[in-house]
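# Reading the structure
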Amino acid sequence: FDHPEVQKSFVQPVGEHEREASLMLEGITCAACVWLNESHLVAQPGVRAVSVNYATRRARVRWDERETKLSAILEAIAAIGYRAHPYDAEKSEQLARKERKEALWRLFVAGFGMMQVMMYAVPVYLADEGTMTPDIELLMRWASLILTLPVVLYSSAPFFRNAWRDLALRRVGMDVPVAIGVGAAFVASLWGTLAGHGEVYFDSVTMFVFFLLTGRFLESMARQKAARGVETLNKAMPVFASRLDRFPALDVERVVATDLAPGDLVLVRPGEVFPADGEVLQGHSAVDESLLTGESRPVSKEAGAAVVAGSSNVSSPLVVRVQGVGEGTRLAAIQRMMERAAAEKPRVAQMADRIAAWFVAVLLVLALATAGVWYLVDPHRMLSVFIAVLVVSCPCALSLATPAVLAVATGAMASRGLLVVRGHAIETLAQVDRVVFDKTGTLTEGRLKLVEVAALRDADTASVLALAAALEQASEHPIARALAEAAADAELPGSAEHRSVTGQGVEARVAGRRVRLGRPSFAAELPGVAVPDQVEAWCRQGSTVVALADEQGWLALFRLDDTLREGAVEAVAELHRDGIETAVLSGDAPQAAQQMAGRAGITAAEGGLSPEDKHSRVKAMQAQGLVVAMVGDGVNDAPVLAQAQVSIAMGQGADLARAQSDLVLLGNNPLGVARGVRLARMTQRIIRQNLAWAFLYNVLAIPLAMAGWVTPWMAGIGMSLSSLLVVLNALRIQSDE
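Residues numbered from 1 in each chain as written. Predicted model: local features only at pLDDT ≥ 70, side-chain atom pairs only at ≥ 80, totals over all residues. Heavy atoms only, no water.

### As for the overall build of the protein
Along the protein, the regular secondary structure elements total 28 helices and 27 strands. Counting the 737 residues in the protein, one finds 53% classified as buried. Of all intrachain contacts in the protein linking residues separated by at least 6 positions in sequence, the fraction that spans at least 24 positions is 68%. In the structure as shown, the protein presents an accessible area of about 32400 Å², 58% of it carried by carbon and sulfur atoms. (Helix = DSSP H or I, 4+ residues; strand = E, 2+ residues; numbered from the N terminus. Buried < 20%, exposed > 50% of the residue type's maximum accessible area, 1.4 Å probe, protein only. Contact = heavy atoms within 4.5 Å. Areas by Shrake-Rupley, 256 points an atom, 1.4 Å probe, with all protein chains shown as cover.)

If you want it as structure tokens, here you go:
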């Protein structure tokens, strides 16, 4: 595993000397296992960071290759009783199937043993005193012992193995009380059988093991269902691709998708999945991007259009030039962001983990104290009460209450086109009081179109348009793209000494003169330049106005219009119905911002704002006690996105905006914001319900068990159902529409 060629598929560099591996872990049975692996590995020399996703059993480990090797990390994992493999979606599914098969066999042995032992235990319970001879009763005990042995030695083996591992590492895990309870009951029953007198608990042992394994099996199935939304992305990539080596001839060569390189041409037939990010070179088709964006309708693609790995070609063949492969695809970036979010625990999860860590230790003390009291009150019932106290409690429910819900919620949001990037995002989004939108590219399409040019000083339209396009040719701003499209056939003049002023415009020297393009107020800062009346007239109509001026005065005015994004009106209406305020903060002209905001149903709108102005406006809202969510798309929005309590970046926005965000709106439909808020609120409700249930169950069940009102087999049912209920409650998020 230290060989670079072996590491190629699952290890990536994150610095000059640091490497990060994606691993699968075998043996993870509860949240305590996650804590153990993380704390053990991070203590190893050279290991910089560790995160384990409880839902998917996937681990990310970062280390400095100068101080340690991957093989040493895998050995450290094996030393605490777990196994690690390079992550592979197919291998992960194989391990899940193996885990299910083994769990079913253990469950079958426990169920068969329970039924047979009960056949011998019931006659003993029902027999009147003196009607069953001692030799027959002893025969029943020996038969029960023989039938209980496979249950204890095989079905219960994981409990004992995990408990021994925890004790060897000087910690008390959640399997410790289970192992002590099963072991104590079996040893006492064995002694009673060998001695020929005393109580035996074979029926309780087999019943308890069966019910506990049933609960864990159902919980495992529910957990795997919860993880399926995240794992679907991992399985989206095809294994093979059809590469065109002699284009335009359509002779294909089947190659492994991971062997593709930027610049390769591939043929993607209808029904096939795109193996890499790229640009359509030939053909016209519809592409299903629902897995990545949550948008159910296919998107039309033709020559020049971008396609993303993991999306599916629907109708006609496409020839695609590869641009991004492997870890460089948008799909891989989405996976990394989802894993980063899963690794970051919100405050409520950290609190639950701290409580659960002490819970088992306190439970053992209570069980021992209860045994001491019952030894004085009724020694014959001491062992059964001791076992019931150990078994009835459910630290698993407490530990599962938050991570299970967050795993389901993350997958549910991703399926609706809202990608959770930070661990705190869902918790904070649920508390939002006001959602603030940027205008261009967020509330609107961001595809500005030049609709009118007013050439001044006797200049001709073609020359001023070419001059404006020359100043903006290095920019990716929507205004720059609109001007470039309008001047696509023009010969652009040379320019030098470019200076970009964020949120204002651009200045350069063209043919020896200083020229500015941008806001009218920015252009008017040149000596002798006054703002024409036409600017105000266009702004009143809601248009975006860009001015071109030099040191002699105005050269031209450009009028650009935009359209609202699909779903913007519905998104604002849903937010208002949920009691959330909305606002628009824009760098465009105030009239344009207010006019477009009004069309979306937003009354609070400000325009003409610099990035610093937006930042201060959001800060002022927060000073009023509001929890603010900011939705933006451009580089200009990065400071205000960082200031907001929760930030949402458009999936097709600038990289810097996405880097500063807590969530990414993959489908670019603002309706995803409203649905995300609703899902976040539902998630918080379910987390509170789970924590309340786990707390209430333990507060009621433990005293009842200490009082002797709960038998060991009843305790097993209660513990199993408690964990299962928490996971099933979490799964309600997936069914919410």
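From this point, the narrative continues.
### Some thoughts on the sheet that holds strand E18 (residues 496-501)
Here we have 6 strands laid out as an open sheet, ordered E17-E22-E21-E20-E19-E18, and antiparallel in their pairing. Lying at the two open borders of the sheet, with one neighbouring strand each, are strand E17 (449-455) and E18. With strand direction ignored, the average angle separating the axes of adjacent strands in the sheet is 15°. Relative to strand E19 (residues 505-510), E18 runs antiparallel, the two sharing 4 bridges. (Pairing = 2+ DSSP bridges. Axes fitted to C-alpha atoms, helices over the stretch in contact; angles between N-to-C directions.)

### Overview of helix H18 (residues 478-486)
Among all positions in H18, only Pro478, Ile479, Ala480, Ala482 and Leu483 are buried. Taken together, the buried residues of H18 touch helix H16 (439-443), E17, helix H17 (461-472), strand E20 (513-518), strand E21 (544-550) and strand E22 (553-561).

### Topic: the nonpolar core
Counting residues in each nonpolar core, the largest one holds 48 residues, and the members touching the most others are Met413, Leu429, Val435 and Leu663. For this core, the element with the most residues is helix H26 (residues 671-706), which contributes 9 residues. One finds Leu107, Ala371, Ala388 and Ala701 within the second-largest nonpolar core, a separate group that totals 43 residues. (Core = buried A, V, L, I, M, F, W, Y, C linked by side-chain atoms within 4.5 Å.)

### Overview of the packing of helix H6 (residues 157-168) against helix H7 (residues 175-195)
Packed helix pairs are specified by the crossing angle of their axes together with the interaxial distance, meaning the distance between the axes. At a minimum axis distance of 8 Å, the contact between H6 and H7 shows a crossing angle of 125°. Comparing the axis directions of H6 and H7 gives the class oblique. For the pair H6 and H7, the sense of crossing is left-handed. Residues Pro158, Phe159, Phe160, Asn162, Ala163, Asp166 and Leu167 of H6 form the contact with H7, whose own contacting residues are Asp175, Val176, Val178, Ala179, Val182 and Gly183. Residues that form the contact of H6 with H7 fall into these classes: 9 nonpolar, 2 polar and 2 charged. (Parallel < 35°, antiparallel > 145°, perpendicular 65-115°, else oblique. Left-handed = near helix turned anticlockwise from the far one by under 90°. Nonpolar A, V, L, I, M, F, W, Y, C, P; charged D, E, K, R; others polar.)

### Considerations on a nonpolar patch on the surface
A contiguous nonpolar surface patch, about 550 Å² in accessible area, is contributed by Trp105, Phe108, Phe112, Met115 and Tyr154. The biggest single contributor to the nonpolar patch is helix H4 (residues 89-126), with 4 residues. Its place among the elements puts Phe112 in helix H4. A residue is classified by how much of its surface remains accessible, and Phe112, at 42% relative accessible area, is partly exposed. (Patch = residues over 30% accessible without salt bridge, like charges linked within 9 Å, V, L, I, M, F, W, Y side chains within 5 Å. Salt bridge = Lys/Arg side-chain N within 4 Å of Asp/Glu carboxyl O.)

### Some details on the sheet that holds strand E27 (residues 663-665)
Strand order in the open sheet made by the 7 strands is E15-E27-E26-E25-E16-E23-E24, with mixed pairing throughout. The open sheet terminates on both sides in strands that have one partner only, identified here as strand E15 (418-420) and strand E24 (605-606). Sheet topology places E15 next to E27; 3 bridges connect them, and they run antiparallel. What sits directly across from Leu419, in E27, is Val664.

Spatial relationships are all this shows, so hold off on functional conclusions.
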